[in-house]
Amino acid sequence: MGRRSRSALFFFLTYSFFLTLTDANKQSYIIRVQNDLKPSVFSDVEHWYSSTLRSLSWNPLKSITTDQGEFLHVYKTVFHGFSTRLTAEEAQELASRHGVLSVLPDQLRQLHTTRSPHFLGLISSPASPISDLVTESDSGSNVVIGVLDTGIWPERPSFHDQGMGPIPSFWKGECTEGQNFTKANCNRKIIGARYFTSGYEAKMGRMNSSTDIKSARDSDGHGTHTASTAAGRAVGNASLLGFAKGVAVGIAPKARIAAYKVCWKRGCMDSDILAAFDKAVDDGVNVISISVGGGSVPYNLDPIAIGSFGAMEKGVFISASAGNEGPRPMTVTNVAPWITTVGASTIDRKFPADIVLGNGKRITGASLYRVGLRNGARHSSSFSAATCMPDSLDKERVHGKIVVCDRGGTPRVSKGEIVKVAGGVGVVVTNVAPMGEGLIADAHLIPGLGVTESAGNLIRDYINSNDNPTASMTFYETQVGVKPAPVVASFSSRGPSAESIFVLKPDVIAPGVNILAAWPDGVAPTELSSDTRRTEFNIASGTSMSCPHVSGLAALLKGAHPYWSPAMIRSALMTTAYTQDQQGNPLLDEKSYNISTTFDMGAGHVDPEKAVDPGLVYDITVDDYLNFLCASNYSGRDIRQIAKRPERCIGKHDLKPWNLNYPAISVVIDSTQEAPTMGIVQVTRIVTHVGEAPSTYTLSVTNPKSATVTVTPTSMNFREKGQKQSYVVRIKAEKSAVTALNSVVEVGKLTWSNGKHHVVSPLLVVWKQGL
């Protein structure tokens, strides 16, 4: 089905669905209009928007007026348009009007919810001087990171501005006052703060001040954690309840932070996210960090992709979380090729805890609890009780027992709370298929720990084979120097991208498991209302945590190389990424501790010290992205819904999506074709020399299995910085037996080297039956 047909089908289904909505069939929509629309009879474009809404046959003006007026938001920077509340009928009528390019339903998205700078080689020690990247960039002091999240807690020491220079002269943002937040809460570190409620309140009703703070102040914790991970100042003696004790510091400790609060108690609305993109780019941010996502849809129907495109056009680097739906394949989100999509990995730090069964079997899990316990054990066979859902446990059976709870249904930490209410004295939270062997440490309210899927099976077997099963728990201090590390986190969403196999997603992985960072007052480390503990720092896991690591690295790279484009920064991170752990072995997948794949880790794990001096980079222009969209069967109208310029694909039939100048190469082979044309694909790439001295690069090739790769030329001589050269890759693949609806993927690589630099591009060959 062509791209135009898919879009039409999507809108038909969407509108049919919204006809059934209650509340007068109203919901919020995002409307994009032509960028070059200049209605002569109106004084400004907003007047045209208003007049158009007034003229809708279904809706007099009074029925579309909100608390914010006619519009929820008006967008002027990353694209032109507005958001408002409409019925499905009104939305259909508006979509047919001249100058209206798209009408998208406003959807709710969710958050993708120290030692990592040291693990990345960015922290100085007696044996290791300050890294070249930190030195060259002055810790990102002239770079602004816009964090689109749940806000910020400005009083945390991670956000002090002592020793920081003046605010960059290009900055145009502001410190918006609101509930418990004044202009005095900003400084030379937090240089901007805004909040966006219109879309959220249009969907959820007026905000409840007891659960949400209507300002940029963080009442959740997620935004404070991600902001301090990206750019927190160094704070000594930081810990969570004594765990992970040490100096907590962000990746770019002198980078400026602008907080854009778009997420609230029940999620984040697309219209508010898009408004934050619009303001952030207009304010002057250099990097946008967004640890939010939803399902994968075509780029022209994804407001995050649309907002990111407009930001990229202005030279802004976008780092986004890949999602936490791993280890299942094709779960990666935020997959537009102009976004840098970040998966999660472990670091060399763990928080071990043991459960010793009555038969003497010792099983090591993970926990942020400290007290030991010995008692009986219990596990239920029903799903609600097995997962320890509220009111599902038999109080007589679990009283005084350690209760084994399967993951799923409720947050991990809430299972201990439910066990406690039922009279249990301890909790073991077990992974279930397909979660595998990955472990996340939690600050349980009662003695508790998490164990792997295989360990959970052993515990259940023991309980089921004994009339009086017993167990004890032992909790330990923080353990560092853990091997192997890094490992791909089992929860990290995996590729390939459902939208385009020709763009490798995720791009890279970065630390995202058990990360210590700043935390607000008034929010418990578990975020449970019954948890009375308070802490200035918390330990959290998710691609939400890996994303700001790359945001901080991008700030450092931008500081070191002010004229690098977003694509050049991503290229530096991808081509220097490593695929072997600290012991020199292939990176493993935490799900099973087998070797991880390219769809698990992208190009590999980020390596900051190499990224600052990558030798060669792959740059991508706006025109390159537009050509990619044409080659991917997006119509001219589809592309106008994404880009700020009109685009026609007529006459561009020879474009191929695999020729986007991406640092990775991915091609598809039709396994049904016969010789001589079967399995022959030609790919072109252009590299830019970013080294200071003239240099000659030679090529080495690792062929994917059942494919032969030839490259012309095999050597490139660069005389000056900024010089570009192209090369052609010819891939000849053997015939491969592939069943319908399945595919076979083999991976090789191209490496350009001058002896000092090794510029590596993954090369994927995908066999499919029919294209």
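Located above this text is the structure these notes cover.
Residues numbered from 1 in each chain as written. Predicted model: local features only at pLDDT ≥ 70, side-chain atom pairs only at ≥ 80, totals over all residues. Heavy atoms only, no water.

1. Considering the pattern of salt bridges
So the rule is basically this: Salt bridges are defined as contacts in which a side-chain nitrogen from Lys or Arg sits within 4 Å of a carboxyl oxygen from Asp or Glu. By definition, any uninterrupted DSSP run of H or I lasting at least four residues is a helix, any uninterrupted run of E lasting at least two residues is a strand, and each is numbered from the N terminus. Each residue gets one of three labels from its accessible area relative to the maximum for its type: buried under 20%, exposed over 50%, partly exposed in between, using a 1.4 Å probe on protein chains only.
Taken as a whole and judged by the stated rule, the model has 21 salt bridges. Between K26 and E90 there is a salt bridge, with the nearest N and O atoms lying 3.8 Å from each other. One end of the pair, K26, is in strand 1 (residues 26-33); the other, E90, is in helix 3 (residues 88-95), with 64 residues separating them in the sequence. Given the relative accessible area of 15%, K26 is considered buried. Take E90: its relative accessible area is 2%, and that puts it in the buried class. One salt bridge in this structure joins D283 and R194, with 2.9 Å as the shortest N-O distance. You can see D283 sitting in helix 8 (residues 270-283) and its partner R194 sitting in strand 7 (residues 190-195), a full 89 residues away along the chain. Of the residues examined, D283 reaches a relative accessible area of 2% and is grouped as buried. Overall, the relative accessible area of 11% leaves R194 in the buried class. One continuous salt-bridge network, built from bridges that share partners, spans R109, D270 and D302.

2. With respect to the pairing of strand 38 (residues 724-733)
We count it as follows: Note: two strands are recorded as paired if DSSP finds a minimum of 2 bridges between them.
Bridge count for strand 34 (residues 680-689) against strand 38 is nine bridges, and the pairing is antiparallel. Note that in strand 38 the partner of I680 across the bridge is K732. Pairing of strand 36 (residues 707-712) with strand 38, which is carried by six bridges, proceeds in the antiparallel orientation. Bridged to V711 within strand 38 is V729.

3. Regarding the nonpolar core
Our working rule: Definition used in this section: a nonpolar core is a set of buried Ala, Val, Leu, Ile, Met, Phe, Trp, Tyr and Cys residues joined via side-chain atoms within 4.5 Å. Any pair of residues with heavy atoms lying within 4.5 Å of one another is described as a contacting pair.
Of all hydrophobic cores here, the largest spans 107 residues; its most connected members are F277, I288, Y299 and W338. Among all residues touching F277, those that are not within four sequence positions of it are V78, L148, I288, I290, I304, G307, S308, A311 and I318. Counting 30 residues, the second largest nonpolar core, distinct from the first, contains I669, M716, A733 and L750.

4. Things to note about the sheet that holds strand 14 (residues 292-293)
Pairing in this open sheet of four strands is antiparallel, and the strands run 11-12-5-14 from one edge to the other. Two strands close off the open sheet at either side, each with one partner strand: strand 11 (263-264) and strand 14. With two bridges joining them, strand 5 (residues 108-111) and strand 14 adopt antiparallel strand pairing. In the sheet register, Q110 faces strand 14, and the bridge partner there is G293.

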